[in-house]
Amino acid sequence: MSGAPSPTSGGTAGLLPAERARCSFDAGKLEELVQGKRNEANAAFKPIFQGNPFDDSDMKDYWSYEERFSRQLERTAEAMVRIRDPKNRKFMMIHMKQGIRMADMFETGSLGIHFSMFLTFLKTNASKEQQDKWLPLAQEGRYFGAYAQTELGHGSNVRGLETLATFDKETDEFVIHSPTLTSLKWWPTGMYACTHGVVFAQLIIGGTNYGMHGFMVQFRDDQGNLMPGVEVGEMGPKINADNTNIGYSRFTHVRIPRFNMFAKFQQVLREGTYIAPPRNLSKFRYISMMSIRMAIVGWSYRDLAKAATIAIRYSCVRKQGFTDTTVDDPLGSGVGEHCVMYYKVQQYRLLKALATAYCFLWSARYTSEYLARIQNTVTMGTDAERDAAAAEMPELHATLSGLKVWSTLWAHNGIEDCRKACGGQGYLRSSGIADLSPNFAEPATVEGEQVIMSLQVARYLIKAVSELSAGKPIVGSVEYLKDAPIKPLDASAWRPDTENLMALMRDRAARTALKLGTAFQAAQAKGLGFDAAINEVAVLGYKAAEVHSAYVFVRNNDLALKVHVKDPNINRALVRLLDLVMLTQIREHAGDWIGCLNEEILDVVEARVSELLAELRPDAVGLADGFGCSEDELKSTLGRHDGNVYEAIYNEAKLSPLNATPRMVGWEHLERVVDKDFLREGMRTQRAGGAVAPSAKL
């Protein structure tokens, strides 16, 4: 493409290469740090998934609901056929170890839930005999399993689930039954196309309720028809038009073998005796849910990274505003225009989004390593090691609850701000950013409502404060409770460096948690019970969960950088991003630090934000490139790596079926009401002709 505008070129081909030349570090090395061997593996295995039916998604916006679902399923089935080919065995093995994502190869639909939540639950909650029977086939996609927990009338209150699993001693079977309309399983991803599922139900033996347990239930027979007593359906259109496979189910006295209750830690014997799991180990049944919440933090990173990449690249290409508006004829004088990224407000919006995405990335990496250690202990550890891992589950549960909530909330806001920063072109779906914002409602909604999950964090903080008051040891993310509060800062001596900013984030979390603990104790002193007292302090609890999660994010970011990033130039840029995350927290929530920050300190913060924007500006495109988002991932006219956005926008517009012929689609309707004589008059006076001869001076 040409570097000068012409009828066939936007003249932007040289702009992003020039931006990359300004970068203070090797963006390729950063991409390798972020992606590892992922992009290399993707490139190696991509040929497996070429040709029909993998090359038809470009026109999906024009497909019907049923066609979207059918084509997603066709791609999934064809993919499974191809990876079972002995020559593609390497891909299957890497995929089983979660070293590569099917979603990086093609648009998969919703059956990925089988390889995430269902398989994780099977590995961590099935007995050896059950794994021998179910796991090999599940790993090869010989059947597909849903994770059926949420019900029409119950979501986050898992203990309130109504589905029943009653043991029939006479037949040695469990009877799975949905006794009410509100007990229908509702929202399980992929359920309509799944052949099986882990169904969560209240275990009833001889009239005694032993609480929620998981059961393997078959949904469909070998012809794709529903099994007797099983009703499964798809829920219909959602915000994300690609979600055509989210389902519901009802069970009417469905009988399954006693073997089908997941029994790694608990069993029901033939005569109906219930053997409960050790108290600590019962906590592991939620590990699939924790895994998906960890995955959602990664989802927040990926989608915010895509939005930031698109918006930053486009902002470095798009021109807006003359470099000198005081000249009489800016066009004729050749003063030129600024790229949109020149403007400080644009830098603040987009570099904040970029920094937040990197914060999610490094925090997810740090926390996922922690979660992987727990999962390995569950599957392969000794009893003593499992007991130790179980003791860490409350901390892990609270951490992941908070990170899921606040990563999705902040990412959703950041994605939408990036879209708005793209101006009118951000309204086009071909921009790749227009769909990111509404579609991100999915991770912001699934796996736990934000207030309820935040209050789970608040409960953990209240317990930690109580244990501190009782003189018990405080460990993990809440060790900050042992810190002395920061006294009012002196602007002449204080510097906004990483260490000092981190101390402020710790201090805010500690002070808010202590206030929450005090308020809770005061509520109970008034005679309120535990649950009523929690509700009484819920608004403060929600705030405490937010600031605790914000601290955990930046702490994890800092720890991960120290472990994973050794290149000094890359480290310098990434530490600047971490500082920007903390500075924007202070700048936008200054009231949280009343008592230790004064106006002079806030002026220092404001000045440092401006300095950081200037320091990060030359690295903006390099940092966006560091995410390693491929063209296939972005699917964006605005975020093209080569910067040829205007050619891409025009070419995408031409693909509309309305542009297939010169004659207007639907003219037969409009011609009934227009004045054709008036149109014919214009036909006589308007024509296509040659260009005007150039004059000596414009």
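All of these numbers come straight from a predicted model, not from anything done at the bench.

*Asks:* Can you help me understand the overall build of the chain in this one?
*Replies:* Looking only at helices and strands, the chain features 25 helices and 13 strands. For 698 residues, the compact-globule estimate of 2.2 N^0.38 gives 26 Å, and the C-alpha radius of gyration of the chain, at 29 Å, lies within 12% of that figure. Relative to its 698 residues, the chain shows a buried fraction of 50%. Of the roughly 32,900 Å² of accessible surface on the chain, 55% is carried by carbon and sulfur atoms. Taken together, the 80 basic and 82 acidic charged side chains of the chain have centroids lying 2 Å from each other.

*Asks:* How do you make sense of helix 15 (residues 450–469) when you look at a structure like this?
*Replies:* Residues that lie three or four places apart on an α-helix share one face, since the helix turns once every 3.6 residues. The terminal C-alpha atoms of helix 15, which comprises 20 residues, lie 29 Å apart, in line with the 28 Å expected from a rise of 1.5 Å per residue. Those residues of helix 15 that sit buried are M453, S454, L455, V457, A458, Y460, L461, I462, A464 and V465. Residue G471 follows helix 15 closely and has a positive phi angle near 80 degrees.

*Asks:* Could you clarify how one ought to interpret the packing of helix 6 (residues 112–125) against helix 7 (residues 128–139) in this entry?
*Replies:* Each packed pair of helices is defined by two parameters, the angle between the axes and the distance between the axes. Packing of helix 6 against helix 7 leaves a shortest axis separation of 10 Å and a crossing angle of 160 degrees. Of the possible angle classes, the one that applies to helix 6 and helix 7 is roughly antiparallel. Crossing angle aside, the handedness with which helix 6 passes helix 7 is left-handed. In this structure, helix 6 contributes H114, F115, F118, L119, L122, K123 and N125 to the contact, and helix 7 contributes Q130, Q131, W134, L135, A138 and Q139.

*Asks:* Would you mind showing me how to read the packing of helix 16 (residues 498–525) against helix 18 (residues 538–564) here?
*Replies:* One way to put it is that helix 16 packs onto helix 18 with a least axis distance of 9 Å and a crossing angle of 150 degrees. By the angle between their axes, helix 16 is roughly antiparallel relative to helix 18. Read as a crossing pair, helix 16 and helix 18 show a hand that is left-handed. Contacts between helix 16 and helix 18 involve T498, M502, M505, R506, R508, A509, T512, K515, L516 and A519 from the first element and L540, G541, K543, A544, V547, H548, A550, Y551, V554, R555 and D558 from the second. Partitioning the contact of helix 16 with helix 18 into residue classes produces 11 nonpolar, 4 polar and 6 charged.

About the criteria used
Residues numbered from 1 in each chain as written. Predicted model: local features only at pLDDT ≥ 70, side-chain atom pairs only at ≥ 80, totals over all residues. Heavy atoms only, no water. Helix = DSSP H or I, 4+ residues; strand = E, 2+ residues; numbered from the N terminus. Rg over C-alpha atoms; globule rule 2.2 N^0.38 Å. Buried < 20%, exposed > 50% of the residue type's maximum accessible area, 1.4 Å probe, protein only. Areas by Shrake-Rupley, 256 points an atom, 1.4 Å probe, with all protein chains shown as cover. Lys, Arg positive; Asp, Glu negative; His and termini not counted. Charge placed at Lys NZ, Arg CZ, Asp CG, Glu CD. Expected span 1.5 Å × (residues − 1). Axes fitted to C-alpha atoms, helices over the stretch in contact; angles between N-to-C directions. Parallel < 35°, antiparallel > 145°, perpendicular 65-115°, else oblique. Left-handed = near helix turned anticlockwise from the far one by under 90°. Contact = heavy atoms within 4.5 Å. Nonpolar A, V, L, I, M, F, W, Y, C, P; charged D, E, K, R; others polar.

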